[in-house]
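Secondary and tertiary structure notes
This is what each chain is made of:
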Amino acid sequence: QVQLVESGGGLVQAGGSLRLSCAVFARTFSSATMAWFRQVPGKEREFVAVIALSGGNTFYADSVKGRFTISRDNAKNTVYLQMNSLKPEDTAVYYCAARFGGRTTSPSSYNYWGQGTQVTVSS
């Protein structure tokens, strides 16, 4: 059984920063590929960033590259998303996701999801 719980969302002005956390309740967290997605009403869930098992292999959507950083602490069973230079278009519900397989950006490939945390960036 795998449970993911996100936290850290909120309201921030454009140019500001937020750090999202995803606590993973699973015995095999260190074996999981972890990713962040986001979604706005009426649109499909969008890939943001992914990190592989060891933490050294990361990949980002072009829209966040250079501004967002994904990381993981396997000792704490937690994955993070540091978001800097936030823009109004980053406003969305952010979801943490896990899969026991290789790195992929497709949301349908992820088996486990958190409940989501709202990020709102005001202009």
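Scroll up for the structure.
So, here is what we can say about the structure in this document. (Residues numbered from 1 in each chain as written. Predicted model: local features only at pLDDT ≥ 70, side-chain atom pairs only at ≥ 80, totals over all residues. Heavy atoms only, no water.)

Re the pairing of strand S11 (residues 117-122)
The two faces of S11 differ: Thr-117, Val-119 and Val-121 on one face are buried, but Gln-118, Thr-120 and Ser-122 on the other face are not. For strand S2 (residues 10-13) and S11, the ladder comprises 4 bridges, and the chain directions are parallel. In the strand pairing of S11, Val-12 is matched with Val-121. In the sheet, strand S9 (residues 92-99) pairs with S11 via 3 bridges, with the strands oriented antiparallel. Along S11, the bridge assignment pairs Ala-92 with Val-119. (Buried < 20%, exposed > 50% of the residue type's maximum accessible area, 1.4 Å probe, protein only. Helix = DSSP H or I, 4+ residues; strand = E, 2+ residues; numbered from the N terminus. Pairing = 2+ DSSP bridges.)

Focus: the state of the cysteines
Overall, the coordinates contain 1 disulfide when judged by the stated rule. Here Cys-22 is linked by a disulfide to Cys-96, with a sulfur-sulfur distance of 2.1 Å. Between Cys-22 and Cys-96, the S-S torsion sits near -80°, and that sign places the bridge as left-handed. Taken together, the positions of Cys-22 in strand S3 (residues 18-25) and Cys-96 in strand S9 put the pair 74 residues apart, joining distant regions of the chain. For the residue pair Cys-22 and Cys-96, the accessibility class agrees, reading buried in each case. (Disulfide = S-S within 2.5 Å.)

What to know about the sheet that holds strand S1 (residues 3-7)
Ordered in space as S1-S3-S8-S7, the 4 strands form an open sheet in which the pairing is antiparallel. Every interior strand has two partners, whereas the edge strands, S1 and strand S7 (68-73), have only one. On average, each strand axis in the sheet is inclined to that of its neighbour by 15°, with strand direction left out of account. One ladder, built from 6 bridges, connects S3 with strand S8 (residues 78-83); its direction is antiparallel. Paired with Ala-23 across the strands is Thr-78, a residue of S8. (Axes fitted to C-alpha atoms, helices over the stretch in contact; angles between N-to-C directions.)

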